[in-house]
Amino acid sequence: MSGYDSALTVFSPDGHLFQVEYALEAVRKGTCAVGVRGKDVVVLGVEKKTVAKLQDPRTIRKITMLDDHVCLTFAGLQADARVLINKARIECQSHRLTVEDPVSVEYITRYIAGVQQKYTQSGGVRPFGISTLIIGFDADKVPKLYQTDPSGIYSSWKAASIGRSAKTVREFLEKNHKDDMDRDDTIKLAIRSLLEIVQTGAKNIEIAVMGNDSVLRTLDASEVEAVTALIEKENAAEAEKKNKKKGDASAAAGESSSAS
Amino acid sequence: MDVWPYQVDLGVRDFEAEELEEIEAAQNPTPEEERPAFEWVADVDAKARATPALLLLGLPGAGALFLKSTFQLQKPVARLTRQTEEKKSIWENQKAAEKTFVIYELPDDPTTLIAICQLDITPEQSPAWANELFAHIAPKTTIILDSFTANQIRQTNDDITPPMLLKLRTSAADKSDKIPFFPTPSLVSGPAAAFLTWLQVRQLPATLYVSLLETQMGRHDVITATLRAFEQLLPGLPPHVAKSATKPSTAEYAKAISSVAQKATHHLYL
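Let me begin by describing the structure that accompanies this report. Just so it is clear, the model here is predicted, and its values are computed rather than measured.

It is worth spelling out the sheet that holds strand β10 (residues 216-218) of chain A at this point. Residues and elements named next belong to chain A. In space, the five strands of this open sheet follow the order β8-β1-β2-β9-β10, with antiparallel pairing throughout. Every other strand in the sheet has two partners, leaving β8 (159-162) and β10 as the edge strands with one partner each. Averaged over all neighbouring strand pairs, the angle between strand axes comes to 15 degrees, with direction disregarded. The pairing of strand β9 (residues 205-211) with β10 spans three bridges and is antiparallel. Counted as the bridge partner of M210 is L216 from β10. Packed on one face of the sheet, helix α4 (residues 166-176) meets β1 (33-37) and β8 and runs near 165 degrees to β8. Contacting β1, β2 (41-47), β9 and β10, helix α5 (residues 183-195) runs over the sheet at an angle of about 155 degrees to β9.

Below, the structure is given as structure tokens:
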């Protein structure tokens, strides 16, 4: 590994670009963000970092708008995210001026991924240390969710997670995601997946919902807590049902053995 | 050639002094302030607890995390500490508070002790800690839980990934479980080896189970699969001990891991 990991533009003998892979490690240091696509809604959920006592929380934003109908969240180096978001916003406005149409979600995702890829193939620079989740609606009113990462790869997802413990959240989403979920089920799935890894519960979760009117709405803390309470109630009922089944099964086994 | 008066050549090594230092180090391998001290918790009947039927010892990392997640550890009965507790700064005091070696009793079962070690014990100090622990506790059977990395295994070129559980045991240990042995010529070192060696020398039954850590970018991490690998030994425990064990969910394992993981202390990442 030594000798091939300090220069970005040098492949290792086994085909690795170590700086890009190290950038992925920087992404894992960021708090978790999850995106879930429903039938006519798309939800972004993020794990909020505790803000320092003297810091203005309004200046620490993990969910940002790129245009009126496109929203982005990221995980990784904050400063890199700021630079990439600024570039993307300029591109959105440039597209509106040139083509007289707003960008499509796929277009701006491809642009962001292209910028990230450019920074993996130039001398004197380093890759962006962020992965992004981009949501939005185009004119077709179909919800879109894309993910990009420091290598410049982008793809569309039904549900995706980035940042710390993303693997655990992704496994949960794979088990529990259903196609064509309604608004409430989509929000519930996003919150449930974050509760798998957020230790402190609802107070450190932020949820943003975009419907087919392309308006982004951030849920209040009370709304998130209400959904969390509902989820906990359902989990408790599920656990009770399982215990009852176990008790019935062992009672039946006891009866059959005493009969024999 | 006139060589008198004899002048000390300051550029040359002082072999005599170095040899004296080596002899002193060999006689006292552990500095005074690093030596362990065992103490029973107040109001605990030390005599009754000193000869448990089973001692489960979880070493720092995967072993300790698994035992903490699986068993209800509410009643500490003893602990081992470094002799000198005086620390220099608030930071060191805070770090010291997180690093403990505590022995718990299972609820309603004084015959089983569970030791959770979260201290960083160097290989050189490990024999002293083994001596101190077993000087006060004489278990009939000991099970030690630790972890290993892919670099420690010298075997085929196949990539190995968690979950993977291997064992080493003393000659007197029970031979019944089906978990594969740690392959030769690979070595286990550190506190796990010291504790097992202490028990082997005295012909006491003990088994060391090691679970594979995930290796990524040269870093070795405990993941949920590492902890889940230890669940294979639960059926082999005595029934009253296995009954006390819970089977944590993936989320509970993940929470336990992240509670001890090094947190990024700076605000660069969001």
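With that out of the way, let us pick up α5(A). All names here are of chain A. Over its 13 residues, α5 extends 19 Å from the first C-alpha to the last, a length consistent with the 18 Å expected when each residue adds 1.5 Å. Among all positions in α5, only T186, I187, K188, L189, A190, I191, S193, L194 and L195 are buried. N-cap assignment for α5: the residue whose side-chain oxygen lies 3.3 Å from the backbone N of D184 is D182.

Right, let's talk about the interface of chain B and chain A for a bit. On the side of chain A, 24 residues touch chain B, which itself brings 15 residues to the contact. Surface buried jointly by chain B and chain A totals about 1800 Å² across both partners, of which 56% is contributed by carbon and sulfur atoms. Between the two partners, chain B and chain A, sit one salt bridge. On inspection of chain B and its partner chain A, the count reaches three residue pairs in polar contact (both at pLDDT 80 or more). The set of elements that each furnish at least two residues to the side of chain B that touches chain A consists of β9 (214-216) and α9 (250-260) of chain B. A total of six residues in the side of chain B that touches chain A trace back to one element, the largest contributor, which is α9(B). Within the side of chain B that touches chain A, the residues separate by chemical class into six nonpolar, six polar and three charged.

Rules used throughout
Residues numbered from 1 in each chain as written. Chains lettered and ligands numbered in written order. Predicted model: local features only at pLDDT ≥ 70, side-chain atom pairs only at ≥ 80, totals over all residues. Heavy atoms only, no water. Pairing = 2+ DSSP bridges. Helix = DSSP H or I, 4+ residues; strand = E, 2+ residues; numbered from the N terminus. Axes fitted to C-alpha atoms, helices over the stretch in contact; angles between N-to-C directions. Contact = heavy atoms within 4.5 Å. Expected span 1.5 Å × (residues − 1). Buried < 20%, exposed > 50% of the residue type's maximum accessible area, 1.4 Å probe, protein only. Polar contact = N/O pair within 3.5 Å; in protein donor to acceptor, adjacent residues only side chain to side chain. Buried area = accessible area lost by both parts, 1.4 Å probe. Salt bridge = Lys/Arg side-chain N within 4 Å of Asp/Glu carboxyl O. Nonpolar A, V, L, I, M, F, W, Y, C, P; charged D, E, K, R; others polar.

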